[in-house]
Amino acid sequence: MKKMNVYVAALGFALTTGVVHAATQPLDACIAAVQKQKPGELVKLEKLAVGKKAIFELEVKDAAGAEWEFMCDAKNGKITEQESEVTNADAESFKKNLKVSEADATATALKAHPGKVQEVEYEIEANGDASYE
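Residues numbered from 1 in each chain as written. Predicted model: local features only at pLDDT ≥ 70, side-chain atom pairs only at ≥ 80, totals over all residues. Heavy atoms only, no water.

Draft legend 1. The arrangement of the pairing of strand S1 (residues 41–50) in detail. Note: S1 against strand S2 (residues 53–61), nine bridges, orientation antiparallel. Bridge pairing in S2 links Val 50 to Lys 53. The turn joining S1 and S2, which pair antiparallel and follow one another in sequence, is formed by two residues; a positive phi near 65° is taken by Gly 51. (Pairing = 2+ DSSP bridges. Helix = DSSP H or I, 4+ residues; strand = E, 2+ residues; numbered from the N terminus.)

Draft legend 2. Focus on the sheet that holds strand S6 (residues 130–132). Taken in spatial order, the six strands line up as S1-S2-S3-S4-S5-S6 in an open sheet, and their pairing is antiparallel. The strands lining the two open edges of the sheet, one partner per strand, are S1 and S6. Averaged over all pairs of adjacent strands, the angle between their axes in this sheet comes to 30°, without regard to strand direction. Of the strand pairs in this sheet, strand S4 (residues 79–86) and strand S5 (residues 122–125) are connected by four bridges, and their pairing is antiparallel. Within S5, the position partnered with Glu 85 by the bridge is Glu 123. Here helix H2 (residues 26–37) sits on the sheet in contact with S1, S2, strand S3 (67–73) and S4, set at roughly 35° to S2. (Axes fitted to C-alpha atoms, helices over the stretch in contact; angles between N-to-C directions. Contact = heavy atoms within 4.5 Å.)

Draft legend 3. Just the pattern of salt bridges, in detail. This structure, assessed with the given rule, holds five salt bridges. Where Lys 44 meets Glu 46, a salt bridge forms, and the shortest distance between an N and an O atom there is 2.8 Å. For Lys 44, a relative accessible area of 29% corresponds to the partly exposed category. Within this structure, Lys 44, Glu 46, Glu 57 and Glu 59 form a network of salt bridges that share partners. (Salt bridge = Lys/Arg side-chain N within 4 Å of Asp/Glu carboxyl O. Buried < 20%, exposed > 50% of the residue type's maximum accessible area, 1.4 Å probe, protein only.)

Draft legend 4. A look at the environment of Leu 98. For Leu 98, the location among the structural elements is in the loop between helix H3 (92–95) and helix H4 (102–112). The spacing of Leu 98 and Gly 128 is 30 residues in sequence and 9.7 Å in space, taken between C-alpha atoms. Ignoring anything within four residues of it in the chain, the contact list for Leu 98 reads Ala 130 and Tyr 132.

Draft legend 5. Local environment of the packing of aromatic side chains. Scanning all chains against the criterion turns up three aromatic pairs. For the ring pair Phe 94 and Tyr 122, a centre distance of 5.5 Å and an interplane angle of 80° mean the geometry is edge-to-face. A residue pair is termed long-range when its members are at least 10 positions apart, and Phe 94 in helix H3 and Tyr 122 in strand S5 qualify at 28 residues. Plain terms: the ring middles of Tyr 122 and Tyr 132 are 6.0 Å apart, the flat faces sit at 75° to each other, and that makes the pair edge-to-face. With Tyr 122 in strand S5 and Tyr 132 in strand S6, this pair connects stretches of sequence that are ten residues apart. (Phe/Tyr/Trp six-rings, centres within 6.5 Å; stacked < 30°, edge-to-face > 60°.)

Following this line, the structure appears as structure tokens:
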């Protein structure tokens, strides 16, 4: 775990200082693509398995303190999704394009995947749509 924390800190340094090595690896390509779209401090990096596909999830905090999440294909280094996060469902940018209540979204999620909701995040998709995660 300590190695991962140091590695993530180094990646955050690379994003905030503009130092990016040649994109010889998919992660390098992902970091470069994220840096180009939204410079800032890398606050989270995960490698996820989505079906048979490996995805890097990178979260960046920009200079204004807003958090952005990028999904990047771990095979080719291309960004597949981008969204911003707001702190609560009352944020104007979230409410203006909201189509489903949090209760309905929770019920739908629990019907598909029974269990307990541990946390809800409020996301603004690249097209402006509001979504719950």
